[in-house]
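Reading the structure
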Amino acid sequence: MNWKILLGLVICYFIYLIVGGIIFMIVEGNYDAQKCEETTHTIENIIFEVDMNKSAIPITSLLDLTQKIASASPIRRMLKEISNAEKYGFIFDFTTMTSTCVNNWHFEASVFFAGTVVTTIGYGHLYPKSHLGRAICIIYALIGIPLFTIMFTGLGGKIAGLVLKLETRINGKATRTWVSKVLLITVISLMYAVLCLLIPSILFVSFEPWSYEDALYYSFISITTIGFGDIVAGTDPSTKYIPIYRIMVYFWILFGMAFMATVMSLISNFFKETGKKGKKRIQNRRNVVPKQKDEVDGEEFETEAALDDGNRTKEDENNLYIKECS
């Protein structure tokens, strides 16, 4: 794949991400806002219902609220509503007894979600909840995953080209083929670990409230597309991120996945070539054994003929001479 085609695929891919992000932002953003508003009205009605209860203590603090939980069924219903509405961005402050709605489907988050769909990472921290959004997600994945696969293959090919140049340099210093292969895999694996895991983890520690172990764990889980979703970059509500932070993270994921595919390809090819060579050696040994046996049989035949010649008597030689003359 030449650079022009690859560049065209990359442009189409990111346009597809942006379009998908806008669609999810509109569909799911409006749906979450609607659900969050409905929950707000429900909570307000429950609080009003509790306040109208003559035997109830006025709710003015968290302590008053906890005193009513054991006896007031509306309070239990309110807690259930709050718990169910958290996925829509609903946040309730028990100290002030007020609620707010957070927009989880802003543009950057929506584009990041679209990227996790087509790369099949699927963190699960953000997902479509409306029927329309889920239907769009299915269609979006059916088109986006093949597009990503084609582009991903092209990127891997370009990285493989750089690896071949490195292999040529290593072959100039190594005298045996398997030694050069092992050196190549070792060098590329170290580059992968440093560029895609160790250095990004240091950057994550500076941007996220994580330890280095958590950052390294997230880096590996993301690049390998495992994507548990227990920790995700750019989702901490108490942290202020730069505007393109998640986009930068997504570029890192793409680069890391292509690099990892190259490493896996080198290791796989090494074992395949080693297996083929071993099979060929075994076959050659099997072919050599019958040939050696034939040579031994030929030597035995010649030895027996020589012995027969040595055992001939004078009378046998005279009879043979008479037969030849006649």
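This write-up is about the structure you can find in this document. (Residues numbered from 1 in each chain as written. Predicted model: local features only at pLDDT ≥ 70, side-chain atom pairs only at ≥ 80, totals over all residues. Heavy atoms only, no water.)

A few words now on the pattern of salt bridges. For the structure on display, the rule yields 1 salt bridge. As a salt-bridge pair, Asp32 and Lys129 come within 3.5 Å of each other at their nearest N and O atoms. Of this pair, Asp32 sits in helix α1 (residues 3–52) while Lys129 sits in the loop between α4 (107–118) and α5 (131–171); the two residues are 97 residues apart in sequence, bridging distant segments of the chain. The pair Asp32 / Lys129 is uniform in exposure class, with both members buried. (Salt bridge = Lys/Arg side-chain N within 4 Å of Asp/Glu carboxyl O. Helix = DSSP H or I, 4+ residues; strand = E, 2+ residues; numbered from the N terminus. Buried < 20%, exposed > 50% of the residue type's maximum accessible area, 1.4 Å probe, protein only.)

A separate point is the pairing of strand β1 (residues 90–93). Burial along β1 is one-sided: the residues Phe90 and Phe92 are buried and none of Ile91 and Asp93 is. Direction of pairing for β1 relative to strand β2 (residues 98–101): antiparallel, over a ladder of 4 bridges. Directly across from Phe92, in β2, lies its bridge partner Ser99. Taken together, β1 and the strand that follows it, β2, pair antiparallel across an intervening segment of 4 residues, in which Met97 is found at a positive phi of about 60 degrees. (Pairing = 2+ DSSP bridges.)

In this section: the packing of aromatic side chains. Overall, the coordinates contain 22 aromatic pairs when judged by the stated rule. Centroid distance Phe112 to Tyr123: 6.1 Å. Interplanar angle 5 degrees. Geometry classified as stacked. Here Phe112, found in helix α4, pairs with Tyr123, found in the loop between α4 and α5; they are 11 residues apart in sequence, far enough to count as distant. Classification of Phe112 by relative accessible area gives buried; the value is 2%. A centroid spacing of 5.4 Å and a plane angle of 25 degrees characterise the contact between Phe148 and Phe152, whose relative ring orientation is stacked. Here Phe148 and its partner Phe152 are both found in helix α5, 4 residues apart, which amounts to about one turn of the helix. A relative accessible area of 6% means that Phe148 is categorised as buried. (Phe/Tyr/Trp six-rings, centres within 6.5 Å; stacked < 30°, edge-to-face > 60°.)

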